[in-house]
Protein chains: 2
Amino acid sequence: MNICIVGLGLIGGSFAKAISKKTSHFCMGMDTNTDTCNKALADGVIKQVVTPEQMSLADMVILALQPKTLVQFFKNNAKHIKKGTIVFDTCGVKKAVLDEMLPVANQYGLRFVGAHPMAGREFSGYDYSLESLFDKASFIVTTDGAEQTAVDVVCDLAKQIGFATIKVTDANHHDKVIAYTSQLAHIVSNSYCKSDTINQKEGFCAGSFADMTRVGKLDVKLWTELFLANPRHLGDELGNLIQKLTQFKTAIDNNDATLLSQLLKEGNDIKVKSLADEQKQKA
Amino acid sequence: MNICIVGLGLIGGSFAKAISKKTSHFCMGMDTNTDTCNKALADGVIKQVVTPEQMSLADMVILALQPKTLVQFFKNNAKHIKKGTIVFDTCGVKKAVLDEMLPVANQYGLRFVGAHPMAGREFSGYDYSLESLFDKASFIVTTDGAEQTAVDVVCDLAKQIGFATIKVTDANHHDKVIAYTSQLAHIVSNSYCKSDTINQKEGFCAGSFADMTRVGKLDVKLWTELFLANPRHLGDELGNLIQKLTQFKTAIDNNDATLLSQLLKEGNDIKVKSLADEQKQKA
């Protein structure tokens, strides 16, 4: 296939690298940054830099832009993609994005699939993209408005380039679960950094601190968009966590060992069950 | 030196393994669990199982018990330790423990040093102890009521058995910083597990979720004791985090992109500075 990758940042660049190294597909690409295009060409991870008009050459289009930019790009340029072409996006929220993308895809007869490659780094841009970024990662595909054959083609590509898990679901379920497994984690990590005590941490840290604050550094513009495109589910999870933390604060402020033990045991038991579930999934 | 290790669980067992493999000191040990004693003997990590009375043979005593048990053991058995012996504990809180230990140490003429080896695992007990547990870890020693020569001896041992960083500080400062870098992280991780959404997480997780929930499984009795021995500092940090999370909830509930960006940027900038500080420390 001729695959056109729109946006050669961390995610698009990693798609280009993985596809060009692990498959025999022909990769074309575009990016607003000319240097990035030249690097990707020089690295041999794309064979051709194309204009939006030249997307007509593609059998598949991968949109690897931030949500708002991605939607706008698609609205402006879907007309250049040939009818029947499989197009998938890579946004971290699905319902809000699909609501805007599907009508456009239908208008131009494109076979659109919502997708979310669950991989990232604390850095962005082509220079940090990796052929191996998706190894062992999960690839989520949404069924909303998607043709089964198109879903199959997208999933096959995902497997070929290294994703370990393929999850097919609907957009609302995706957004609900991701609010908890990913979005909330980024808010907590970012918030965790906001204590003056962080300036005195040297020599007082072990793994728990490193893990807790790892994703506190993030792409502010991207995550602002992602959070506000999923406010209900994210607000619910955040409210729930604040409530659980407040229970701990009450137990500690009241020197209530019984309540504190009970709260810790509750979380411990859930984590133990969760680990057991993971083992079962692997088995 | 003859070193007696009291308690051969995860921490005591790791001390015994590291000391016997990495130094020429003679290790004696005791544990209420006879099987554990026999295993440690069979593994050659202690050369002799001793009774509390036989602590008189030791030139150094390492107390590796949970805080309340440790304090009680010391009150009951300090009389068996010969005058001038260096004794250190391994508790994760220092002020509350030292307030109880120092008068007893003074009464029997023991050279007591408060210590906190910042290493652990999500498992406890001798079977999980490791010769390498302290490699790259931080060893914190408190100066409260301690003789400088005793501090030096304890720090030298810590370096010999693999600790990468030695931090000498006072108990209050220790407790303040540790409330943030370690205790709060355990509460957050434990609380994070408490969402029904965790049951649907399979296929929706990347590194951020794994990191966020890693220490949610913990020794309930131990951490209940540790938290309640440091309520003021821990309550302050927990209150601060709840406030920061609530700011995020407000921004999301109000669809306030400006505030949300500002909150994310604030955390991001602190994390970036913190990473830069770490690089400077390493250089």
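The structure under discussion appears in the preceding block.
In what follows, the accompanying structure is described. All values derive from a computational prediction rather than experimental measurement.

Criteria and thresholds
Residues numbered from 1 in each chain as written. Chains lettered and ligands numbered in written order. Predicted model: local features only at pLDDT ≥ 70, side-chain atom pairs only at ≥ 80, totals over all residues. Helix = DSSP H or I, 4+ residues; strand = E, 2+ residues; numbered from the N terminus. Buried ≥ 20, exposed ≤ 12 C-beta atoms within 10 Å, placed from the backbone. Contact = placed C-beta atoms within 7 Å. Nonpolar A, V, L, I, M, F, W, Y, C, P; charged D, E, K, R; others polar. Axes fitted to C-alpha atoms, helices over the stretch in contact; angles between N-to-C directions. Parallel < 35°, antiparallel > 145°, perpendicular 65-115°, else oblique. Left-handed = near helix turned anticlockwise from the far one by under 90°. Least-squares fit on C-alpha atoms with pLDDT ≥ 70 in both. Pairing = 2+ DSSP bridges. Right-handed = clockwise from strand over helix to strand, strands pointing away. Expected span 1.5 Å × (residues − 1). Bend = angle between axes of the 7 residues up to and from the residue.

1. What to know about the environment of His 80 of chain B
Residues and elements named next belong to chain B. Secondary-structure assignment places His 80 in the loop between helix H3 (67-77) and strand E5 (86-89). Residue His 80 is classed as partly exposed on the basis of its 17 C-beta neighbours within 10 Å. Distance in space between the C-alpha atoms of His 80 and Ala 185 is 38 Å, their sequence separation being 105 residues. Those residues within four positions of His 80 in sequence are excluded, and the remaining contacts are Pro 52, Glu 53, Met 55 and Ser 56.

2. Observations regarding the interface of chain A and chain B
Listed as interface residues are 78 residues of chain A and, on the opposing side, 78 residues of chain B. Of the residues forming the side of chain A that touches chain B, the biggest block, 16 residues, is contributed by helix H9 (residues 231-253) of chain A. Looking at the side of chain A that touches chain B, its residues break down into 37 nonpolar, 26 polar and 15 charged.

3. Here's the deal with the packing of helix H6 (residues 171-192) of chain A against helix H9 (residues 231-253) of chain B
Axis separation between H6 of chain A and H9 of chain B bottoms out at 9 Å; the angle between their running directions is 130°. The angle between H6 of chain A and H9 of chain B falls in the class oblique. The interaxial crossing formed by H6 of chain A with H9 of chain B has right-handed handedness. Judged by residue contacts, Ile 187, Ser 191 and Tyr 192 of chain A of H6 of chain A engage Leu 241, Lys 244, Leu 245 and Phe 248 of chain B from H9 of chain B. A per-class count over the contact of H6 of chain A with H9 of chain B returns five nonpolar, one polar and one charged.

4. What about the relation of the copies chain A and chain B?
Of the transformation superimposing chain A on chain B, the axial component is 0.0 Å and the angular component is 180°, with the fit at an RMSD of 0.0 Å. In symmetry terms, the pair is related by a two-fold rotation axis. Taking the C-alpha atom as reference, chain A places Asp 211 of chain A closest to the rotation axis, 2.5 Å from it. Take the interface residues of chain A: 100% of them recur as interface residues in chain B, which is what a same-surface contact looks like.

5. Considerations on the pairing of strand E5 (residues 86-89) of chain A
Residues and elements named next belong to chain A. Burial of the side chains of E5 extends over both faces: Ile 86 and Phe 88 are buried on one face and Val 87 and Asp 89 on the other. As defined by bridge partners, strand E4 (residues 60-63) adjoins E5 across four bridges and the pair is classed as parallel. Bridge pairing links Ile 62 to Phe 88 in E5. In this view, the connection linking E4 to its parallel neighbour E5 by way of helix H3 (residues 67-77) has right-handed handedness. Pairing analysis gives three bridges linking E5 to strand E6 (residues 111-118), with the strands arranged parallel.

6. Digging into the sheet that holds strand E8 (residues 165-169) of chain A
Residues and elements named next belong to chain A. Ordered in space as E3-E2-E1-E4-E5-E6-E7-E8, the eight strands form an open sheet in which the pairing is mixed. What marks the edges here is a single partner per strand, and that holds for strand E3 (48-49) and E8. In this sheet, strand E2 (residues 26-30) lies alongside strand E1 (residues 2-6) in parallel orientation, the contact comprising five bridges. Its bridge partner being in E2, Ile 5 is matched across the sheet by Gly 29. Packed onto the sheet, helix H4 (residues 95-107) meets E5, E6 and strand E7 (138-142) and runs at close to 150° relative to E6.

7. Observations concerning H6 of chain A
Structural remark: α-helix, 3.6 residues per turn; residues separated by three or four positions point the same way. Residues and elements named next belong to chain A. Its 22 residues give H6 an end-to-end C-alpha distance of 30 Å, which sits within 8% of 32 Å, the value for a rise of 1.5 Å per residue. Along H6, the largest kink reaches about 50° and is centred on Ala 179. Counting buried residues along H6, 20 of its 22 residues qualify, which places the element largely inside the surrounding structure.

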